[in-house]
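# Chain and residue survey
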Amino acid sequence: MLSDEQLKALFLETRTVLVVGLSPKPYRPSHGVAAALQARGLRIIPVNPIEALAGNTILGERVWPDIESGARYLREQGLTLDIVDVFRDSSAVPPIVDSAIAADARALWLQIGVVHEQAARQAQEAGLQVEMDRCLKVEWARLMD
């Protein structure tokens, strides 16, 4: 778990958040978190294979089918991938970590209830900052507002 000082430093440098499992439904936690971060000026990149197939947008941003596509889109715009925020079942985390590492993400954030110790260690060993079983929106508000 990152210290408050480490979290503040991460947040101060964050401009982009790729949200894996972002739902178009406003009542879903992923949507509320992404909307709150977007309202704070962050660029949100939705990743949801089902919504991407339909060519949809969520929160005004094109939905991408996977982390690689979203990260490539950011690079084409001259932006870096700061945080990969995960709203998926814990069992889905290992391939997400592989993709986050390959995409050169700076940090991996596993939302409340998303826990995978081995994948978190892999991400840390690859140089990513990792937070697990915490809400990005809550921590951002607690430390930055």
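Residues numbered from 1 in each chain as written. Predicted model: local features only at pLDDT ≥ 70, side-chain atom pairs only at ≥ 80, totals over all residues. Heavy atoms only, no water.

## A word on the packing of helix α2 (residues 29–39) against helix α7 (residues 136–144)
Direction vectors running N to C along α2 and α7 enclose 35°, while the axes themselves pass 9 Å from each other. On the side of α2, the interface is formed by Gly32, Val33, Ala36 and Leu37, while α7 contributes Leu136, Lys137 and Trp140. Residue classes in the contact of α2 with α7 are distributed as five nonpolar, one polar and one charged. (Axes fitted to C-alpha atoms, helices over the stretch in contact; angles between N-to-C directions. Helix = DSSP H or I, 4+ residues; strand = E, 2+ residues; numbered from the N terminus. Contact = heavy atoms within 4.5 Å. Nonpolar A, V, L, I, M, F, W, Y, C, P; charged D, E, K, R; others polar.)

## Thoughts on unusual backbone geometry
In the Ramachandran plot, aspartate 104 falls in the positive-phi region, its phi being about 65° despite a non-glycine side chain. Counting through the fold element by element, aspartate 104 comes out in the loop between α5 (93–102) and β6 (107–110). In the Ramachandran plot, aspartate 133 falls in the positive-phi region, its phi being about 60° despite a non-glycine side chain. Note on placement: aspartate 133 falls in the loop between β7 (129–132) and α7.

## Thoughts on helix α4 (residues 67–76)
Of the positions making up α4, those classed as buried are Ile67, Ser69, Gly70, Ala71, Tyr73 and Leu74. For α4, the secondary structure elements touched by its buried residues are β1 (16–20), β2 (43–47), β4 (61–62), β5 (83–86) and α5. Put simply, aspartate 66 is the residue that caps the front of α4, since its side-chain oxygen is 3.4 Å from the backbone nitrogen of glutamate 68. Two residues or fewer after α4 comes glycine 78, characterised by a positive phi angle close to 75°. (Buried < 20%, exposed > 50% of the residue type's maximum accessible area, 1.4 Å probe, protein only. Polar contact = N/O pair within 3.5 Å; in protein donor to acceptor, adjacent residues only side chain to side chain.)

## A look at the sheet that holds β2
Taken in spatial order, the five strands line up as β2-β1-β5-β6-β7 in an open sheet, and their pairing is parallel. Looking at strand neighbours, the two that pair on one side only are β2 and β7, the edges of this open sheet. Averaged over all adjacent pairs, the angle separating strand axes in this sheet is 15°, with direction ignored. As judged from the four bridges shared by β5 and β6, these two strands associate in the parallel manner. From the neighbouring strand, valine 86 faces β6, where its bridge partner is leucine 110. (Pairing = 2+ DSSP bridges.)

## Details of the side chain of aspartate 85
By the element assignment, aspartate 85 lies in strand β5. Of the side chains with opposite charge, lysine 137 lies nearest to the buried aspartate 85, which makes no salt bridge, at 11 Å. Setting aside residues up to four positions removed in sequence, aspartate 85 forms contacts with Val17, Leu18, Val19, Val20, Val33, Trp109, Gln111 and Leu136. (Lys, Arg positive; Asp, Glu negative; His and termini not counted. Salt bridge = Lys/Arg side-chain N within 4 Å of Asp/Glu carboxyl O.)

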